[in-house]
Amino acid sequence: MIHLSLSTKTPYPAPTAPVRQAPSHLELVQVQLVSRHGTRYPTLGDMKHIKDIYELSGLNLPHGWIKEELVNPENAGLLAQYGHSEMEGIALRMMQRYSTFLTERLLHPETLRFVSSEFQRSYMSARTFRDVVDPGNLTQPVTVVPLSDDVSLAMKFNCPLWLQDKPAAAHNSSLEVEVFDSIHGQRLRQSIGDRLDIDSSVLKVEGIAMLYSLCGYDLSLFAETNSWCTLFDPDTAALLELRNDIKYSRIYGPYGATTNKKMACSLLTEVFAEMDQALQNQSSAVSTFRFGHAETIMFVSTLLGLEQALGSYNSPIAGAMSPVVALRRGFKTTAIAPFASNLGIELYKDQSAQPYFRLLLNEQAVRLPGCSDEFCSLNVLRTKLGDAIGCDFVGICRV
Ligand SMILES: O=P(O)(O)O[C@H]1[C@H](OP(=O)(O)O)[C@@H](OP(=O)(O)O)[C@H](O)[C@@H](O)[C@H]1OP(=O)(O)O
């Protein structure tokens, strides 16, 4: 696979090495997972933009660059074959990572739960994942959270205040994107124009961003690097990822509306309730595997302040940010929200029953600020989340 940072259209970066084993004094009590669905087809919105690109006059596209399935509305937003494979891989590695724990849990099938949002891509991701973890079909079927009640996975649709603030967030990000385009636009138009052998004025930067998404879909859906991805090199891809991150960090991330820092509070309240219940009665500890969307992961990341564990975070990602400084930013959607992006939450207890946790982002350990090690006292996380635990999501979202 070519090493291009393709933002939320990046295929899942399967880990190449297993995580560290827990120290012997820690006993695994529970595992929880919050995951985006696997690789999907473009949404209807993206299909329209792709169709415009396909029909752009003056683009003599080589054979194979135009793929009808990317503009067939019957495919819109559906989980793709490769998305199933991504979920199978994550489940298989989880079975290896927690083999004793999960084998024992399957003796009490009520202690494993699978939950998805009401979108086909999330539901089928949950189904595929469950089929690997529970081949004997002993556990309850996947629980689908009705969209109208969903405050934990597709939560953005049920927060009126967030929806009211979104146009302002989108406007703020568009101002920063304009600054970015004024600095980097000419270089991008020249580079892509040369590679497409067209006049650099034919394409706007917004159109180039769609070509970048097309490379992501080519790579994620077809493992193909010989068409749209030939237009990009790591530097131009990194610039377009930065352009996306200017937007995503303001719409779903730490540099947008204050509600962004609360949007995952209902979800993390559920996660903490299950952790507390597990600590009180370990034998009935429930491990829940949840499947949602890119924003599910981005909202959780924003509430946890993951960008602080992943890189520099003090200043908002801005259009005039130098690419060198931008390289060190903690909020990178290629790392936080690729297809099948997932956050694992492991719960342990030590010999004096003190609770510990470890976070795995895409199956790699993350050490939160305030933690001296990836295995960290649960009190650090509880304190960090504060009143987000037990939050009144409806009250927070009231206009
Ligand atoms: O890849 P992203 O995070 O942008 O995908 C979004 C969807 O946006 P789009 O693919 O259209 O750019 C968004 O669809 P929209 O029609 O509401 O804009 C969808 O609601 C959101 O959940 C993301 O989709 P995901 O792939 O299910 O995460």
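- Under the annotation held in an unreviewed UniProt entry, the protein carries the name Multiple inositol polyphosphate phosphatase 1 and is attributed to Coemansia thaxteri.
- Recorded in UniProt for the protein, the comment headed Sequence similarities (unreviewed entry) runs: "Belongs to the histidine acid phosphatase family. MINPP1 subfamily."

**Here's the deal with the pairing of strand 2 (residues 112-116)**
Then step 1. In terms of burial, strand 2 is a largely internal element, four of the five residues being buried.
Then step 2. Note: strand 2 against strand 4 (residues 287-292), five bridges, orientation parallel. Following the sheet pairing, Leu 112 is matched in strand 4 by Ser 287.
Then step 3. Taken together, the two bridges between strand 2 and strand 3 (residues 143-144) define a ladder with parallel strand orientation. Pairing of Val 115 across the sheet is with Thr 143, part of strand 3.
Then step 4. Handedness of the strand 2-helix 4 (residues 120-133)-strand 3 crossover: right-handed.

**With respect to the layout of surface pockets**
One water molecule sets the probe size; rolling that probe over the atoms shows where empty space is left.
Then step 1. Quantified by volume, the largest pocket comes out at close to 1100 Å³.
Then step 2. In terms of lining residues, the largest pocket is bounded by 39 residues, among which Lys 9, Asp 46, His 49, Lys 247 and Tyr 248 are the most central.
Then step 3. Of all the secondary structure elements, the ones that give two or more residues to the lining of the largest pocket are helix 1 (44-54), helix 5 (160-196), helix 6 (205-222), helix 7 (234-251) and helix 9 (294-304).
Then step 4. A breakdown of the residues in the lining of the largest pocket according to their chemical character gives 14 nonpolar, 11 polar and 14 charged.
Then step 5. What the second largest pocket holds in volume is close to 360 Å³.
Then step 6. Taken together, 21 residues form the lining of the second largest pocket, with Val 19, Gln 21, Gln 96, Arg 97 and Tyr 98 sitting closest to its centre.
Then step 7. Within the lining of the second largest pocket, the residues separate by chemical class into 10 nonpolar, five polar and six charged.

**Quick word on the state of the cysteines**
Then step 1. Applying the stated rule across the entire model yields four disulfides.
Then step 2. Two residues, Cys 159 and Cys 397, share a disulfide whose sulfurs are 2.1 Å apart. For the disulfide bridge between Cys 159 and Cys 397, the dihedral angle about the S-S bond is near -100°, and by the sign convention the bridge is left-handed. Within this pair, whereas Cys 159 is found in the loop between strand 3 and helix 5, its partner Cys 397 is found in the segment after helix 14 (393-396), the two being separated by 238 residues in sequence. The same class applies to Cys 159 and to Cys 397, which are both buried.
Then step 3. Paired by a disulfide, Cys 215 and Cys 229 hold their sulfur atoms 2.0 Å apart. For the disulfide bridge between Cys 215 and Cys 229, the dihedral angle about the S-S bond is near 100°, and by the sign convention the bridge is right-handed. Highlighted residues: Cys 215 in helix 6 and Cys 229 in the loop between helix 6 and helix 7, separated in sequence by 14 residues.
Then step 4. Assigning the bonded cysteines of the protein consecutive numbers by sequence position, one obtains the connectivity 1-8, 2-3, 4-7, 5-6.

**What about the site of the ligand?**
Then step 1. Around the ligand, the surrounding shell holds 13 residues, and the nearest of these are Arg 40, Thr 43, Tyr 248, Ala 294 and Glu 295.
Then step 2. Interatomic distance of 2.8 Å between a side-chain N/O atom of Arg 121 and an oxygen atom of the ligand.
Then step 3. One of the backbone nitrogen or oxygen atoms of Ala 294 is found 2.7 Å away from an oxygen atom of the ligand.
Then step 4. Protein coverage of the free-state accessible area of the ligand, which is 530 Å², stands at 76%.
Then step 5. Spatially, the ligand is embedded in the largest pocket.
Then step 6. Of the residues contributing to the shell around the ligand, the split by class is two nonpolar, four polar and seven charged.

**Quick word on the pattern of salt bridges**
Then step 1. Inspection of the entire model under this criterion finds 23 salt bridges.
Then step 2. Salt-bridge contacts for Arg 243 lead to Glu 206; the nearest nitrogen and oxygen are separated by 3.0 Å. Of the two residues, Arg 243 sits in helix 7 while Glu 206 sits in helix 6, which places them 37 residues apart along the sequence.
Then step 3. Residue Glu 206 is classed as partly exposed on the basis of its relative accessible area, which comes to 47%.
Then step 4. Asp 387 is the partner of Lys 262 in a salt bridge, and the nearest nitrogen-oxygen pair spans 2.8 Å. Taken together, the positions of Lys 262 in the loop between helix 7 and helix 8 (265-280) and Asp 387 in the loop between helix 13 (378-385) and helix 14 put the pair 125 residues apart, joining distant regions of the chain.
Then step 5. Residue classification places Lys 262 among the partly exposed positions, given a relative accessible area of 26%.
Then step 6. In the salt-bridge network here, residues are joined through shared partners; they are Arg 20, Glu 346, Arg 358, Asp 373 and Glu 374.

**Let's talk about the packing of helix 6 against helix 7**
Then step 1. At a minimum axis distance of 10 Å, the contact between helix 6 and helix 7 shows a crossing angle of 105°. Here helix 7 runs roughly perpendicular to helix 6, going by the angle between their axes. Between helix 6, through Val 205, Glu 206, Ile 208, Ala 209 and Tyr 212, and helix 7, the contact on the second element is made entirely by Ala 237, Leu 240, Glu 241, Arg 243, Asn 244 and Lys 247.
Then step 2. Residue composition of the contact of helix 6 with helix 7, grouped by class: six nonpolar, one polar and four charged.

**Describing the packing of aromatic side chains**
Given two aromatic rings, one states the distance between the centres and the angle between the planes to describe the pair.
Then step 1. Taken as a whole, this structure holds 12 aromatic pairs when the rule is applied.
Then step 2. Considering the side-chain rings of Tyr 212 and Phe 232, the 6.0 Å spacing of their centres and the 75° angle between planes classify their relative orientation as edge-to-face. Of this pair, Tyr 212 sits in helix 6 while Phe 232 is found in the loop between helix 6 and helix 7, placing the two residues 20 residues apart along the sequence.
Then step 3. The exposure class assigned to Phe 232 is buried, which follows from its relative accessible area of 5%.
Then step 4. Members of the aromatic cluster, joined through ring pairs, are Phe 114, Phe 129, Phe 289 and Phe 291.

Conventions we followed
- Residues numbered from 1 in each chain as written.
- Predicted model: local features only at pLDDT ≥ 70, side-chain atom pairs only at ≥ 80, totals over all residues.
- Heavy atoms only, no water.
- UniProt positions renumbered as here; feature names shortened; annotations may be inferred.
- Buried < 20%, exposed > 50% of the residue type's maximum accessible area, 1.4 Å probe, protein only.
- Helix = DSSP H or I, 4+ residues; strand = E, 2+ residues; numbered from the N terminus.
- Pairing = 2+ DSSP bridges.
- Right-handed = clockwise from strand over helix to strand, strands pointing away.
- 1 Å grid on protein atoms, 1.4 Å probe; cavity = no way out; pocket = protein on both sides within 12 Å on 5 of 7 lines; lining within 4 Å.
- Points joined across faces, edges and corners; volume = space filled by probe spheres on them.
- Nonpolar A, V, L, I, M, F, W, Y, C, P; charged D, E, K, R; others polar.
- Disulfide = S-S within 2.5 Å.
- Near = heavy atom within 4 Å.
- Polar contact = N/O pair within 3.5 Å; in protein donor to acceptor, adjacent residues only side chain to side chain.
- Areas by Shrake-Rupley, 256 points an atom, 1.4 Å probe, with all protein chains shown as cover.
- Sits in = over half its atoms within 2 Å of the grid points.
- Salt bridge = Lys/Arg side-chain N within 4 Å of Asp/Glu carboxyl O.
- Axes fitted to C-alpha atoms, helices over the stretch in contact; angles between N-to-C directions.
- Parallel < 35°, antiparallel > 145°, perpendicular 65-115°, else oblique.
- Contact = heavy atoms within 4.5 Å.
- Phe/Tyr/Trp six-rings, centres within 6.5 Å; stacked < 30°, edge-to-face > 60°.

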